[in-house]
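Structure assessment
Now for the letters of each chain:
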Amino acid sequence: MSNCEHDRNTVYDFKSIESNWREKWADSGHDQTDLDADDKRKRTYCLSMFSYPSGDKLHLGHWYNYVPADTWARFRRMSGDNVFQPMGFDSFGLPAENYAIKCGVHPHIHTEENISVIRDQLKTIGAMYDWRSELATHRPEYYKWTQWLFLQLYKNDLAYRDDSPVNWCNSCQTVLANEQVESGNCERCGEFVEKKELTQWKFRITKYADRLIDGLEDLDWPEETKKKQLSWIGRSHGADVDFVVSRKYVQDDLPANTELNADGDIVLRVFTTRPDTLFGVTYMAVAPEHPLAVCLTEKEMQPEVEKYITDSAKLSEVDRQGTEREKTGIRTGALAVNPVNGEEIPILVADYVIASYGTGAVMAVPAHDQRDFEVADKLKLPLRRVILGDGQVSDSELQEAWTDDGVMINSEGYNGDPNRQAGKKIISKLDAKGVGKQTIQYRLRDWLVSRQRFWGAPIPIVHCTDCGAVAVPEDQLPLQLPDVVDYKPKGKSPLESSDKYMNTSCPECGKDARRDPDTMDTFVCSSWYFLRYMRPDLEDAMFLKEDTQKWLPTEMYVGGADHAYGHLLFSRFITKVFHDLGYLDFEEPFKSLRHQGMITRDGQKMSKSKGNTVVPAEYLEQFGTDTLRAYLMKGFAFAEGGDWTDNGIEGIHKFLLRVWRITHSALANQPLGQDMGQDVPVLSDAEREKRWPKLRVVLHNSIFACTRDLERFQFNTAVSKLMELNNALREYSGTDAVTFEDPYLKEALLNLIQMLSPFAPHFGAELWERVGGQESVFDSSWPVHNESFLVADTVTYVIQINGKIREKMDAAKNASKDEVEKEALAYGRIPELIGDSEIRKVIVVPGKLVNVVI
């Protein structure tokens, strides 16, 4: 081969290389998983959260989710696992419908077009997806089983219809779950969300509250995500306590179901986790939505209270409970009686009280609760200290609420007792009197699944005047969306505009009936999709139980932390339900979970309006897929993210080029950095033996650290170790020619190519083939380190002449000073630099330096 021909073959032409390997992998079925393989390999299901095909471009955030997951999956395949990595599309929901409304294109057409484009873009990532398993939630063969899921919950009293206040977005004209409201606004359109009373379908997720909490303990999930779910479920151990309000304070007719005591007075029940502070209660507060809020307000104060209630409705529950927001309240004029001391205390309406938590009423203890302290201070309400901390003086003025433990004071019958013990005694006494009892409350509310939109899975229920709500027979599923022409939101479901769809007969009595007009929350679609990937075309079942027994729970799940309250919680709930119904043998869907951080630019979140977005296509054109993949792995700590820099991606590209060049230099028996064809001798055997121990230490440390860091999703430090290995290879080679006939260089370089391949798969596959790999690099065995080679047998000495550094040499760790001195004086250029000069003395600092004084 001529030098010109050799040069052409050794140019890193990433475009043709990447295109070639994607075609090879597709043609050979390289990425397809044998789900039924009955071998001894560990089955590893690696899953990334599927994408929303509402737009036609994958942004950098998609890459930062999918590339790390694929890198880990390839690593596990090389480690001997049978890896399954599917991909699909979360294709129902508001984004697609809103785009269709805006552009006048039916959501189905728009969604399918986007899926086609995004699928092609996903393939450019070079991920090891088994495309035979593709699914999309908007297709009837999928949402048939979303409807089947609904029916299973309905038949088992886990789905029900209820009148309740809901979050309503006027812009989207639909109901939103609490998880879809951010700072009082719709997470989709950003518009203000108000409260509205509607009849809606709900799932009884609250029935599983304890199991959802208890199941978190053994999960390999980020602790912050576990804490978020614990907080969202909000299990609180405490007590219900009954305060009494005289009927004389009632200004209007009492709401239905108001509880009265034997004397006909109103029972205003509160839930408290601090019964030890009951003697310190100086006022009560009810939520603005509480049914008694206006009823107990004096006539002359009602206009002001009603305005306060209206203003409160404009705030989200999150905002109302925020620690930074100033707490407010307004008096009603009514008084309640404290059951522990008979004291009358004022009743307020306060927006920091939430109707859906506890009873919607709270007892306020300003001396021992900071929220109550702030309201009392603003409204000049009294505070009474009933717990005294260590070293405190009872008559000292409080600057803030005392929330720690101590001993009881100002609490008749309990003074001097430790406060926690006193709390138990107080509840026992109230329980004996029938005005209190121990209980547990939850912040979690049942999952509201009705949506007044077109682009979702229709709810498979028929409403009959005689029979009520009746399930659509399972053999009639899927209940398909009609071709509704006008699917724009009008405050009710667009499906109601289609008489052909709505009018039907009752499955039980045969009389005329109407279908339910709502569709399901798209979180229902995504709550089970991981169960379907194994057999996306299965017609007579949602999934095969034997598949789930082999492949689930999911070994690794990768996606955004923003799903902590929604998708991740709902998937756990549905999995537990299916377990209880006998469909699954496990209760948790995802063994391990990893969240990616956010990549910023110029220190700011990327957005089109700021003009600081990173468009992957531009960098693919300049550098290729593998460089972009490797930069995403090296440039950022996966869980934290960081700031994008063009210098960073250029640096990683240069690294790949260095690996490319050293590989081809070795294939051509050429020195690094020299023109091909120069006659340069290769390393002598003696020189190899001398240099190998140092390279060997770097090699085995790189294998050890890269393996460890890949398992931990610490990709940036893993790539750093590969860079160190590449540098060590270059140092080993020096100015001599490198060759694959050198067993030491060959071992190190092959291991480097293998370890780099999960990060840059096309690059690695190409080099592996060029160096003679007979099988796919991803079917080769991942390198294994040798513990005995992790610590060097040698140390590096700096050799100085009159204090100036002239050389560096490696010497045996256990070499004596005399041996080190002798070797240093004969090393490299040292004899030449000393020349005829007189050596006055040689200073040897063991393990560090040799200073020759001449």
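Computed from a prediction, not measured in an experiment: that's the story for all the values here.

Observations regarding empty space enclosed by the protein
In total, this model carries four cavities of 30 Å³ or more according to the counting rule given. Within this model, the largest cavity holds a volume of roughly 170 Å³. Along its surface, the largest cavity is lined by 16 residues, and Gly93, Leu94, Gln180, Arg451 and Thr522 are the ones closest to its centre. For the lining of the largest cavity, the secondary-structure elements that each account for two or more residues are helix 4 (94–103), strand 4 (174–176) and strand 23 (519–520). Each residue belonging to the lining of the largest cavity can be placed in one class, and the counts come to four nonpolar, six polar and six charged. Approximately 40 Å³ is the volume found for the second largest cavity. Around the second largest cavity, the lining residues are Tyr52, Pro53, Ser54, Asp90, Ser91, Phe92, Gly93, Pro95 and Ala96. In terms of residue class, the lining of the second largest cavity is made up of five nonpolar, three polar and one charged.

A short note on a negative patch on the surface
A surface patch of negative charge is lined by Glu141, Asp537, Glu539 and Asp540. Mapping Asp540 onto the fold places it in the loop between helix 14 (522–526) and helix 15 (545–551).

Some words on the confidence of the model for the protein chain
In the predicted model, the protein chain carries a mean pLDDT of 91, and the fraction of residues at 70 or more is 97%. With pLDDT under 50 throughout, residues 1–6 is counted as low confidence; its partners more than four residues away or in other chains account for seven contacts.

Topic: the packing of aromatic side chains
Applying the stated rule across the entire model yields 44 aromatic pairs. Ring centres of Trp21 and Trp25 lie 5.9 Å apart, and the angle between their planes is 40°; this geometry places the pair in the tilted category. Of this pair, Trp21 and Trp25 both sit in helix 2 (residues 14–28), four residues apart, which is roughly one turn of that helix. Given the relative accessible area of 10%, Trp21 is considered buried. Each ring, one from Phe203 and one from Trp447, has its centre 5.3 Å from the other, and the planes form 85°; the classification is edge-to-face. Taken together, the residues span a long stretch of sequence, with Phe203 in strand 7 (residues 193–203) and Trp447 in strand 17 (residues 447–448) at a distance of 244 residues.

A word on the sheet that holds strand 31 (residues 841–845)
In any sheet, the strands associate via hydrogen bonds between backbone groups, in a parallel or an antiparallel arrangement. With respect to topology, four strands assemble into an open sheet ordered 30-29-32-31, the strand pairing being mixed. Since the sheet does not close on itself, it has two edges, and those belong to strand 30 (804–812) and strand 31, each with one partner. Recorded for the sheet is a direction-independent mean angle of 20° between the axes of neighbouring strands. Pairing geometry for strand 31 and strand 32 (residues 849–853), over five bridges, is antiparallel. Following the sheet pairing, Val842 is matched in strand 32 by Val852.

Observations regarding the environment of Val719
Mapped onto the secondary structure, Val719 falls in helix 21 (residues 715–733). Residue Val719 is classed as buried on the basis of its relative accessible area, which comes to 2%. C-alpha separation for the pair Val719 and Lys634, spaced 85 residues apart in sequence, amounts to 5.8 Å. Not counting chain neighbours up to four residues away, the residues in contact with Val719 comprise Met633, Lys634, Ile652 and Phe759.

Observations regarding the packing of helix 4 against helix 5 (residues 107–124)
Relative placement of two packed helices is described by the angle separating their axes and the distance separating the axes. In contact at an axis separation of 9 Å, helix 4 and helix 5 are set at 115° when each is read in the N-to-C sense. Comparing the axis directions of helix 4 and helix 5 gives the class roughly perpendicular. You can see that helix 4 and helix 5 cross each other, and the crossing is right-handed. Together, Ala96, Glu97, Tyr99 and Ala100 of helix 4 and Pro107, His110 and Thr111 of helix 5 make up the contact between the two elements. Taken together, the residues of the contact of helix 4 with helix 5 break down into four nonpolar, two polar and one charged.

Observations regarding helix 11 (residues 370–379)
Taken as a whole, helix 11 has its buried residues at Asp372, Phe373, Val375 and Ala376. Buried residues along helix 11 sit in contact with strand 10 (283–286), strand 12 (344–349) and strand 13 (361–364). The N-capping residue of helix 11, defined by a side-chain oxygen 3.0 Å from the backbone nitrogen of Arg371, is Asp369.

Analysis parameters
- Residues numbered from 1 in each chain as written.
- Predicted model: local features only at pLDDT ≥ 70, side-chain atom pairs only at ≥ 80, totals over all residues.
- Heavy atoms only, no water.
- 1 Å grid on protein atoms, 1.4 Å probe; cavity = no way out; pocket = protein on both sides within 12 Å on 5 of 7 lines; lining within 4 Å.
- Points joined across faces, edges and corners; volume = space filled by probe spheres on them.
- Helix = DSSP H or I, 4+ residues; strand = E, 2+ residues; numbered from the N terminus.
- Nonpolar A, V, L, I, M, F, W, Y, C, P; charged D, E, K, R; others polar.
- Patch = residues over 30% accessible without salt bridge, like charges linked within 9 Å, V, L, I, M, F, W, Y side chains within 5 Å.
- Areas by Shrake-Rupley, 256 points an atom, 1.4 Å probe, with all protein chains shown as cover.
- Salt bridge = Lys/Arg side-chain N within 4 Å of Asp/Glu carboxyl O.
- Lys, Arg positive; Asp, Glu negative; His and termini not counted.
- Charge placed at Lys NZ, Arg CZ, Asp CG, Glu CD.
- pLDDT = per-residue confidence, 0-100.
- Contact = heavy atoms within 4.5 Å.
- Phe/Tyr/Trp six-rings, centres within 6.5 Å; stacked < 30°, edge-to-face > 60°.
- Buried < 20%, exposed > 50% of the residue type's maximum accessible area, 1.4 Å probe, protein only.
- Pairing = 2+ DSSP bridges.
- Axes fitted to C-alpha atoms, helices over the stretch in contact; angles between N-to-C directions.
- Parallel < 35°, antiparallel > 145°, perpendicular 65-115°, else oblique.
- Left-handed = near helix turned anticlockwise from the far one by under 90°.
- Polar contact = N/O pair within 3.5 Å; in protein donor to acceptor, adjacent residues only side chain to side chain.

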